[in-house]
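Okay, here's what each chain looks like letter by letter:
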Amino acid sequence: MNSALFLVVFVTGLLLVCAGLGMAILLSPSSFNAQKGQAYECGIPTKGTSWMQFRVGYYLYAILYLMFDVEAIFLFPWATVVRDLGMAGLYSILFFLLILGLGLAYAWRKGALQWK
Amino acid sequence: MLELSRLTALIDSLLRETWGLSEFWVLFIEFVLVGVALLTAYAVLALILIYVERKITGFFQCRLGPNRVGKYGVVQSVADMVKILLKEIIHVDNVDKFLFYAAPFFMIVASMLTFGAIPFGRGLQAVDFNIGVFYIVAVSSLGIIGVLLAGWSSNNKYSMIGAMRSGAQFISYELSAGFALITMVVLSGSMQFSTIIESQTYCWNLFNGHIASVIAFIIYLISGHAETNRGPFDLPEAESELTAGYHTEYSGLQFGFFYLAEYLNMFIIAAIATTVFLGGWMPIQLKGFDGFNEVMNYIPSYIWFFGKAGCLVFLSLWVRWTFPRLRIDQLLNLEWKYLLPINMFNLLLMVIIVLAGLTLEDIFPSIFKFIAE
C-alpha cells in the first residue's frame with residue numbers, strides 16, 4: 001500500500017512538471033532573436049566554455065561527506081533499537097564514533113577543512 | 001468535528017459500500033484523489049508562502065510589500081504565476097539541452113516526494129513508511145542533483161559557481177540535519193512519523209529530551225536553513241555577485257519550478273521540525289486534564305500543524321532578514337568544525353539521557369514519587 005502510494009506521489013511530481021511545461025508551451029508566445037541565445041553574463045559576449053576544471057576544494061568536502069553519509073546509514077537502524085540494546089549499544093557506537101572522529105580529526109589536522 | 005480524516009473515510013465508504021465498486025477501482029479512484037489533493041496542496045501552499053514571505057519581508061524592511069493586486073495584495077502571487085506561465089521558455093545556444101530540461105524534474109519530484117511523507121493532520125499523510133525519517137533524509141537530498149545539473153548544463157560561469165557552492169553547502173549541512181534527526185530517532189525509538197507523533201502526545205520531544213533535544217533542534221533549524229539556500233546562507237544565488245546563481249539561464253516556468261521548489265523546501269524543513277520536535281499535528285494535551293484535552297481536540301489537527309509550522313517559517317524569515325550573508329569558508333567552517341563535532345557529542349548525550357531514564361517523562365513521575373515518600 002505504501003509503495004503504491006509512493007509511486008502515486010512520484011507520478012504526481014512528474015505530472016506537475018510535464019503539465020506545467022505543456023501549458024507554458026501552449027500558452028506562451030515564441031519569437032526568434034539571435035540575442036536570446038547568448039549567455040546571461042556580463043553583457044559582453046562570453047568567452048570560452050564554462051565546462052572546465054574546477055576548484056578542488058569542493059571535491060575534498062564531497063569525499064568527506066561520503067564518509068559521514070555512509071556512517072549515517074549505519075546509525076539510523078542502530079538509533080531505532082538503542083533502547084533495547086542498552087549499554088552494549090552505547091559502547092559499540094562509542095567505538096564507532098571514535099573511529100569516525102579520528103578520521104575527522106585527521107582531515108582537520110591535514111588542512112582539508114581549511115578553505116584556501 | 002472538522003477533521004479531514006472524516007472526509008476521507010466518507011469517500012472511502014461511499015466508493016466501497018454505496019457504489020459497490022471493486023477493490024481495484026476503489027484504490028484507483030483514491031490514488032487519483034490523493035494525487036490531485038497533493039498537487040493542489042503543493043501549488044496553493046507555494047502561492048501562500050510566496051505572498052507571506054513578500055509581505056513579511058516588506059514589514060521587516062519598513063515598507064508595505066505587495067498591496068496593489070487585490071485587497072492587501074493577496075492575489076499578487078496568483079497574478080505572478082499566471083504571468084510566469086505566459087512567458088516563453090527559451091534556452092541558450094550552448095546549453096546541454098537534455099540536462100537543462102531534466103533539472104527542474106529533479107527539483108520538483110524530490111520536493112514532492114518529501115511533501116507526500118509529511119503528516120499534515122490526523123490521517124492526512126500520503127506515504128507513512130515505517131522508515132519515514134530515513135526516507136525523508138534520502139529523498140530530500142535528491143534535489144541537489146537538480147541544482148548541480150542546472151548549474152552544469154547552463155554553460156554559464158555564474159551558474160557553475162552557484163551550483164558548486166550550492167552542492168558543497170547542501171551536502172555539508174545535510175550531515176548535520178541527518179545527525180539531528182538521528183538524535184531524535186534515538187529519543188522516540190521509531191522512524192515512523194505516525195509513531196513519533198503518537199509518542200509526543202503529552203510531552204513534545206523538544207522538552208522530553210531537554211538539553212540534547214534543544215541542541216538538536218537548533219542545529220536542525222540552522223542546517224535546514226542552509227539546505228534551502230536561504231537566509232544568511234544564500235551564497236549560491238547571492239544576487240550581488242552571481243546574478244541568480246544556478247538558475248540564471250532559466251526563463252519562464254522553468255525558473256518558476258526552481259522558485260516553487262525553493263519555497264516548498266522551506267516549508268518542508270519547518271514541517272519536519274514540527275513533526276519531529278514539536279509534536280506535529282498533535283494538539284496540546286495535559287495528562288490528567290481531560291476537560292482541557294477535549295477542548296484542545298476540538299481544534300482540528302491540521303490547524304495545529306500549520307500553526308506550529310507557520311511559526312517556524314516566520315522564524316526562518318526573521319533570521320533571513322537579520323543576519324548578514326556568510327562567506328563560503330565561514331559557512332563550511334561552521335558546519336565541519338562546529339556543528340558536526342557538537343552533533344556527535346550531542347548524539348552520545350542523548351543516548352545517555354535515554355538509557356539512564358533522564359527524559360522528562362521519566363523524571364517527573366519519579367520526582368513526584370520521591371516527594372510523596
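Counting from 1, residues in each chain are numbered in the order their sequence is written. Here every chain gets a letter starting at A, and every ligand a number starting at 1, in the order they are written. At least 70 in pLDDT is required for a residue's local features to be given in this predicted model, at least 80 for side-chain atom pairs to be given and counted, and no such filter applies to totals for whole chains, interfaces and linings, which use all residues.

- An unreviewed UniProt entry lists chain A under the name NADH-quinone oxidoreductase subunit A, from Dysgonomonas alginatilytica.
- As its UniProt record puts it under Sequence similarities (unreviewed entry), chain A is described as follows: "Belongs to the complex I subunit 3 family." UniProt positions are given in the numbering used here, feature names are shortened, and annotations may be inferred rather than shown by experiment.

1. A closer look at unusual backbone geometry
All names here are of chain B.
Phase 1: A positive phi angle, near 55 degrees, is found at Asn155, a position not held by glycine.
Phase 2: Tracing the backbone through its elements, the reader meets Asn155 in the loop between α6 (143–153) and α7 (157–188).
Phase 3: Exposure classification rests on a simple neighbour count of other C-beta atoms within 10 Å of a residue's own: a residue reaching 20 or more is buried, one at 12 or fewer is exposed, and one in between is partly exposed. C-beta atoms are placed from the backbone. You can call Asn155 buried: it has 21 C-beta atoms within 10 Å.
Phase 4: Even without a glycine there, the phi angle at His210 is positive, about 25 degrees.
Phase 5: Helix numbering and strand numbering both begin at the N terminus, where a helix is a DSSP run of H or I of at least 4 residues and a strand a DSSP run of E of at least 2. With respect to the helices and strands, the residue His210 is situated in helix α10 (residues 210–227).

2. Some remarks on the interface of chain B and chain A
Phase 1: Each residue gets a C-beta atom placed from its backbone, and two residues are in contact if those atoms lie within 7 Å. At the interface, 60 residues of chain B touch 53 residues of chain A.
Phase 2: When contributions to the side of chain B that touches chain A are tallied by element, the ones reaching two or more residues are α2 (23–60), α4 (97–116), α7, α12 (252–277) and α15 (328–355) of chain B.
Phase 3: Among the elements that make up the side of chain B that touches chain A, the one with the highest residue count is α7(B) (13 residues).
Phase 4: Residues are grouped as follows: Ala, Val, Leu, Ile, Met, Phe, Trp, Tyr, Cys and Pro are nonpolar; Asp, Glu, Lys and Arg are charged; all remaining types, including Gly, are polar. Tallied by class, residues from the side of chain B that touches chain A come to 40 nonpolar, 12 polar and 8 charged.

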